Amino acid sequence: AQTVTQSQPEMSVQEAETVTLSCTYDTSESDYYLFWYKQPPSRQMILVIRQEAYKQQNATENRFSVNFQKAAKSFSLKISDSQLGDAAMYFCAFQTGANSKLTFGKGITLSVRP
Amino acid sequence: NAGVTQTPKFRILKIGQSMTLQCTQDMNHNYMYWYRQDPGMGLKLIYYSVGAGITDKGEVPNGYNVSRSTTEDFPLRLELAAPSQTSVYFCASSYSRTGGFGNTIYFGEGSWLTVV
(Lines give C-alpha, C1' and ligand atoms only; values in the text may rest on other atoms or scores of the structure.)
Protein backbone atom coordinates (compact mmCIF):
# COMPACT_ATOMS: atom_id res chain seq x y z
CA ALA A 1 0.00 0.00 0.00
CA GLN A 2 1.12 3.53 -0.68
CA THR A 3 1.46 6.11 2.08
CA VAL A 4 1.95 9.85 1.87
CA THR A 5 3.37 11.79 4.81
CA GLN A 6 3.20 15.51 5.38
CA SER A 7 4.87 16.00 8.74
CA GLN A 8 4.45 19.78 9.05
CA PRO A 9 0.86 20.66 10.03
CA GLU A 10 1.33 24.40 9.59
CA MET A 11 3.69 26.88 7.98
CA SER A 12 3.81 30.62 7.65
CA VAL A 13 5.52 32.83 5.09
CA GLN A 14 5.92 36.55 4.58
CA GLU A 15 4.32 37.95 1.46
CA ALA A 16 6.78 37.99 -1.49
CA GLU A 17 9.04 35.45 0.23
CA THR A 18 9.66 31.82 -0.73
CA VAL A 19 8.36 28.82 1.18
CA THR A 20 8.89 25.07 0.79
CA LEU A 21 6.31 22.48 1.80
CA SER A 22 7.58 18.96 2.46
CA CYS A 23 6.14 15.60 1.47
CA THR A 24 7.47 12.06 1.61
CA TYR A 25 5.87 8.90 0.30
CA ASP A 26 6.36 5.20 0.36
CA THR A 27 5.68 2.81 -2.50
CA SER A 28 7.02 -0.27 -4.20
CA GLU A 29 5.78 0.93 -7.59
CA SER A 30 8.26 2.14 -10.17
CA ASP A 31 5.92 4.32 -12.20
CA TYR A 32 3.59 6.77 -10.56
CA TYR A 33 2.54 10.39 -10.45
CA LEU A 34 2.78 12.89 -7.63
CA PHE A 35 0.55 15.90 -7.21
CA TRP A 36 0.14 18.97 -5.07
CA TYR A 37 -3.41 20.19 -4.55
CA LYS A 38 -4.46 23.48 -3.01
CA GLN A 39 -7.61 23.72 -0.90
CA PRO A 40 -8.65 27.30 -0.02
CA PRO A 41 -11.31 28.00 2.62
CA SER A 42 -13.99 27.35 -0.02
CA ARG A 43 -12.83 23.69 0.12
CA GLN A 44 -12.48 23.49 -3.66
CA MET A 45 -9.64 21.13 -4.62
CA ILE A 46 -7.33 22.88 -7.09
CA LEU A 47 -4.51 21.10 -8.88
CA VAL A 48 -1.27 23.03 -8.43
CA ILE A 49 1.34 20.84 -10.07
CA ARG A 50 2.07 17.25 -11.07
CA GLN A 51 5.24 15.19 -11.52
CA GLU A 52 5.72 11.86 -13.27
CA ALA A 53 8.16 9.56 -11.52
CA TYR A 54 9.99 8.70 -14.75
CA LYS A 55 10.76 12.32 -15.54
CA GLN A 56 13.99 13.53 -13.98
CA GLN A 57 13.25 17.18 -14.63
CA ASN A 58 11.38 18.87 -11.82
CA ALA A 59 7.98 20.25 -12.81
CA THR A 60 7.32 23.98 -12.68
CA GLU A 61 4.13 26.02 -13.03
CA ASN A 62 4.75 29.75 -12.83
CA ARG A 63 5.62 30.49 -9.16
CA PHE A 64 5.27 26.85 -8.15
CA SER A 65 8.00 24.26 -8.56
CA VAL A 66 8.83 20.89 -7.07
CA ASN A 67 11.96 19.21 -5.83
CA PHE A 68 11.46 15.56 -6.68
CA GLN A 69 13.99 13.17 -5.15
CA LYS A 70 12.94 9.71 -6.30
CA ALA A 71 15.56 7.74 -4.37
CA ALA A 72 14.67 9.56 -1.17
CA LYS A 73 10.93 9.37 -1.98
CA SER A 74 10.62 13.06 -1.36
CA PHE A 75 8.41 15.54 -3.20
CA SER A 76 8.51 19.11 -1.89
CA LEU A 77 6.65 22.13 -3.23
CA LYS A 78 8.35 25.52 -3.49
CA ILE A 79 6.21 28.63 -3.74
CA SER A 80 8.12 31.71 -4.87
CA ASP A 81 7.00 35.31 -4.43
CA SER A 82 4.24 34.21 -2.04
CA GLN A 83 0.94 36.02 -2.39
CA LEU A 84 -1.95 36.45 0.02
CA GLY A 85 -4.05 34.25 -2.25
CA ASP A 86 -1.65 31.36 -1.68
CA ALA A 87 -2.97 30.97 1.87
CA ALA A 88 -4.70 27.59 1.90
CA MET A 89 -4.33 23.98 2.87
CA TYR A 90 -1.96 22.07 0.58
CA PHE A 91 -2.16 18.34 0.00
CA CYS A 92 0.45 16.07 -1.45
CA ALA A 93 -1.05 13.13 -3.35
CA PHE A 94 0.22 9.95 -5.00
CA GLN A 95 -1.26 8.09 -7.95
CA THR A 96 -0.43 4.75 -9.52
CA GLY A 97 -1.93 3.04 -12.52
CA ALA A 98 -4.26 0.98 -10.32
CA ASN A 99 -7.48 2.71 -11.35
CA SER A 100 -5.82 6.11 -11.02
CA LYS A 101 -6.77 6.40 -7.37
CA LEU A 102 -5.22 9.25 -5.43
CA THR A 103 -3.75 8.71 -1.98
CA PHE A 104 -3.53 11.95 -0.02
CA GLY A 105 -1.36 13.19 2.82
CA LYS A 106 -2.94 14.91 5.82
CA GLY A 107 -2.20 18.34 4.42
CA ILE A 108 -0.39 21.44 5.59
CA THR A 109 -1.98 24.78 6.37
CA LEU A 110 -0.06 27.66 4.82
CA SER A 111 -0.63 31.19 6.06
CA VAL A 112 0.78 34.27 4.31
CA ARG A 113 1.66 37.33 6.38
CA PRO A 114 1.15 40.73 4.70
CA ASN B 1 -18.83 24.25 -18.25
CA ALA B 2 -20.47 22.57 -15.27
CA GLY B 3 -17.72 20.00 -14.58
CA VAL B 4 -18.51 17.86 -11.52
CA THR B 5 -21.71 18.82 -9.74
CA GLN B 6 -22.65 17.58 -6.28
CA THR B 7 -25.92 17.97 -4.44
CA PRO B 8 -26.81 18.82 -1.77
CA LYS B 9 -24.06 21.16 -0.58
CA PHE B 10 -25.17 21.00 3.05
CA ARG B 11 -27.25 18.48 4.94
CA ILE B 12 -27.99 17.63 8.54
CA LEU B 13 -29.07 14.06 9.21
CA LYS B 14 -30.31 12.38 12.33
CA ILE B 15 -28.68 9.15 13.50
CA GLY B 16 -30.21 6.21 11.67
CA GLN B 17 -31.52 8.20 8.70
CA SER B 18 -30.47 7.44 5.15
CA MET B 19 -29.71 9.74 2.27
CA THR B 20 -28.11 9.89 -1.16
CA LEU B 21 -25.45 12.34 -2.26
CA GLN B 22 -25.81 13.01 -5.94
CA CYS B 23 -22.89 13.48 -8.31
CA THR B 24 -22.96 14.14 -12.01
CA GLN B 25 -20.27 15.09 -14.51
CA ASP B 26 -20.63 16.39 -18.03
CA MET B 27 -17.11 15.71 -19.30
CA ASN B 28 -17.74 12.13 -20.48
CA HIS B 29 -15.22 10.86 -17.96
CA ASN B 30 -15.04 7.12 -17.44
CA TYR B 31 -13.55 7.19 -13.92
CA MET B 32 -15.47 8.56 -10.96
CA TYR B 33 -14.62 8.64 -7.25
CA TRP B 34 -16.09 9.48 -3.87
CA TYR B 35 -13.79 10.81 -1.14
CA ARG B 36 -14.46 11.98 2.38
CA GLN B 37 -12.48 14.58 4.27
CA ASP B 38 -12.61 14.64 8.04
CA PRO B 39 -11.56 17.81 9.90
CA GLY B 40 -7.84 18.50 9.62
CA MET B 41 -7.27 15.42 7.50
CA GLY B 42 -6.62 14.50 3.91
CA LEU B 43 -9.13 12.92 1.59
CA LYS B 44 -9.85 9.21 1.88
CA LEU B 45 -11.33 7.14 -0.94
CA ILE B 46 -14.74 5.61 -0.24
CA TYR B 47 -15.70 4.04 -3.58
CA TYR B 48 -14.70 4.40 -7.19
CA SER B 49 -15.93 3.39 -10.60
CA VAL B 50 -14.03 2.81 -13.83
CA GLY B 51 -17.12 2.85 -16.01
CA ALA B 52 -20.86 2.37 -16.10
CA GLY B 53 -21.85 -0.78 -14.25
CA ILE B 54 -18.47 -1.18 -12.53
CA THR B 55 -17.78 -0.09 -8.96
CA ASP B 56 -15.23 -1.04 -6.33
CA LYS B 57 -14.41 -0.29 -2.72
CA GLY B 58 -11.83 2.20 -1.64
CA GLU B 59 -10.15 2.67 1.70
CA VAL B 60 -13.24 3.47 3.85
CA PRO B 61 -16.36 1.87 2.25
CA ASN B 62 -18.22 0.75 5.38
CA GLY B 63 -21.61 2.40 5.78
CA TYR B 64 -21.84 3.47 2.14
CA ASN B 65 -23.09 2.12 -1.16
CA VAL B 66 -22.74 3.33 -4.73
CA SER B 67 -24.10 2.59 -8.16
CA ARG B 68 -23.07 3.64 -11.65
CA SER B 69 -25.88 3.08 -14.11
CA THR B 70 -24.75 5.84 -16.49
CA THR B 71 -21.43 7.44 -17.41
CA GLU B 72 -22.55 10.77 -16.00
CA ASP B 73 -23.93 9.85 -12.58
CA PHE B 74 -22.34 8.30 -9.50
CA PRO B 75 -24.59 8.62 -6.43
CA LEU B 76 -23.35 7.77 -2.92
CA ARG B 77 -25.85 6.22 -0.54
CA LEU B 78 -25.51 6.49 3.24
CA GLU B 79 -27.48 3.86 5.08
CA LEU B 80 -28.23 4.24 8.80
CA ALA B 81 -26.24 7.44 9.29
CA ALA B 82 -23.83 7.53 12.23
CA PRO B 83 -21.97 10.49 13.82
CA SER B 84 -18.73 9.04 12.46
CA GLN B 85 -20.00 9.86 8.98
CA THR B 86 -19.97 13.59 9.71
CA SER B 87 -17.57 14.81 7.07
CA VAL B 88 -17.14 16.70 3.82
CA TYR B 89 -17.74 14.50 0.81
CA PHE B 90 -16.09 15.07 -2.55
CA CYS B 91 -17.03 13.53 -5.85
CA ALA B 92 -14.38 13.51 -8.55
CA SER B 93 -13.93 12.31 -12.11
CA SER B 94 -11.24 11.77 -14.70
CA TYR B 95 -10.66 10.28 -18.10
CA SER B 96 -8.21 7.43 -18.31
CA ARG B 97 -7.27 5.29 -21.24
CA THR B 98 -6.96 1.63 -20.31
CA GLY B 99 -3.82 1.30 -18.22
CA GLY B 100 -3.14 5.01 -18.37
CA PHE B 101 -2.92 7.40 -15.47
CA GLY B 102 -1.48 10.76 -14.54
CA ASN B 103 -4.66 12.28 -15.86
CA THR B 104 -6.18 15.34 -14.21
CA ILE B 105 -8.81 14.49 -11.61
CA TYR B 106 -11.58 17.07 -11.37
CA PHE B 107 -13.31 17.57 -8.05
CA GLY B 108 -16.76 18.80 -7.18
CA GLU B 109 -17.20 21.55 -4.61
CA GLY B 110 -17.96 19.20 -1.75
CA SER B 111 -21.00 18.28 0.32
CA TRP B 112 -21.00 19.08 4.05
CA LEU B 113 -22.80 16.37 5.99
CA THR B 114 -23.48 16.50 9.71
CA VAL B 115 -25.02 13.56 11.57
CA VAL B 116 -26.57 14.41 14.93
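Below, the structure is looked at part by part. Only a predicted model underlies this, so the values are computations on that prediction, with no experimental measurement involved.

Residues and elements named next belong to chain B. Pairing is antiparallel in the open sheet, where four strands are placed in the order β1-β3-β8-β7. Strands at the two margins of the open sheet, each flanked by one partner only, are β1 (4-7) and β7 (64-66). Averaged over all neighbouring strand pairs, the angle between strand axes comes to 20°, with direction disregarded.

Looking now at the interface of chain B and chain A. In this complex, chain B contributes 24 residues to the contact, which on the side of chain A involves 24 residues. Regarding the contact of chain B and chain A, the summed buried area is about 2,000 Å², with carbon and sulfur atoms giving 57% of it. Taken together, the links from chain B to chain A amount to zero salt bridges. There are five residue pairs in polar contact (both at pLDDT 80 or more) connecting chain B and chain A.

A few words on the packing of aromatic side chains. Within the structure shown, the criterion is met by 18 aromatic pairs over all chains. With 5.6 Å between their ring centres and 90° between their planes, Phe104 of chain A and Tyr35 of chain B make a pair best called edge-to-face. On the criterion of chain membership, the pair formed by Phe104 of chain A in strand β11 (residues 102-104) and Tyr35 of chain B in strand β4 (residues 31-37) is interchain, its members lying in two chains. Under the relative-accessibility criterion, Tyr35 of chain B is labelled buried at 0%. An angle of 70° between the planes, with centres 6.3 Å apart, marks the rings of Phe104 of chain A and Phe107 of chain B as edge-to-face. Taken as a pair, Phe104 of chain A in strand β11 and Phe107 of chain B in strand β10 (residues 106-107) lie in two separate chains rather than in one. Like Phe104 of chain A, the residue Phe107 of chain B is buried in the burial classification.

The subject of this paragraph is the pattern of salt bridges. Residue and element names in this part refer to chain B. In the structure shown here, the tally under the stated rule is five salt bridges over all chains. We note a salt bridge from Arg77 to Glu79, for which the minimum N-O separation is 3.2 Å. Judged by its relative accessible area of 34%, Glu79 falls in the partly exposed class.

All right, on to the layout of surface pockets then. In this structure, the largest pocket occupies an estimated 470 Å³ of space. Along its surface, the largest pocket is lined by 23 residues, and Gln2, Leu102, Thr103 and Phe104 of chain A together with Glu59 of chain B are the ones closest to its centre. Breaking the lining of the largest pocket down by element, the ones donating at least two residues are β1 (3-5), β10 (88-95) and β11 of chain A together with β5 (43-51) of chain B. Of the residues contributing to the lining of the largest pocket, the split by class is nine nonpolar, eight polar and six charged.

Before going further, it helps to spend a moment on the state of the cysteines. All names here are of chain A. The tally for this structure, following the rule as stated, stands at two disulfides over all chains. Cys23 shares a disulfide with Cys92; S-S distance 2.0 Å. Across the S-S bond of Cys23 and Cys92 the torsion is about -70°, and the bridge reads as left-handed. Of the two residues, Cys23 sits in the loop between β3 (19-21) and β4 (24-26) while Cys92 sits in strand β10, which places them 69 residues apart along the sequence.

Rules used throughout
Residues numbered from 1 in each chain as written. Chains lettered and ligands numbered in written order. Predicted model: local features only at pLDDT ≥ 70, side-chain atom pairs only at ≥ 80, totals over all residues. Heavy atoms only, no water. Pairing = 2+ DSSP bridges. Helix = DSSP H or I, 4+ residues; strand = E, 2+ residues; numbered from the N terminus. Axes fitted to C-alpha atoms, helices over the stretch in contact; angles between N-to-C directions. Contact = heavy atoms within 4.5 Å. Buried area = accessible area lost by both parts, 1.4 Å probe. Salt bridge = Lys/Arg side-chain N within 4 Å of Asp/Glu carboxyl O. Polar contact = N/O pair within 3.5 Å; in protein donor to acceptor, adjacent residues only side chain to side chain. Phe/Tyr/Trp six-rings, centres within 6.5 Å; stacked < 30°, edge-to-face > 60°. Buried < 20%, exposed > 50% of the residue type's maximum accessible area, 1.4 Å probe, protein only. 1 Å grid on protein atoms, 1.4 Å probe; cavity = no way out; pocket = protein on both sides within 12 Å on 5 of 7 lines; lining within 4 Å. Points joined across faces, edges and corners; volume = space filled by probe spheres on them. Nonpolar A, V, L, I, M, F, W, Y, C, P; charged D, E, K, R; others polar. Disulfide = S-S within 2.5 Å.

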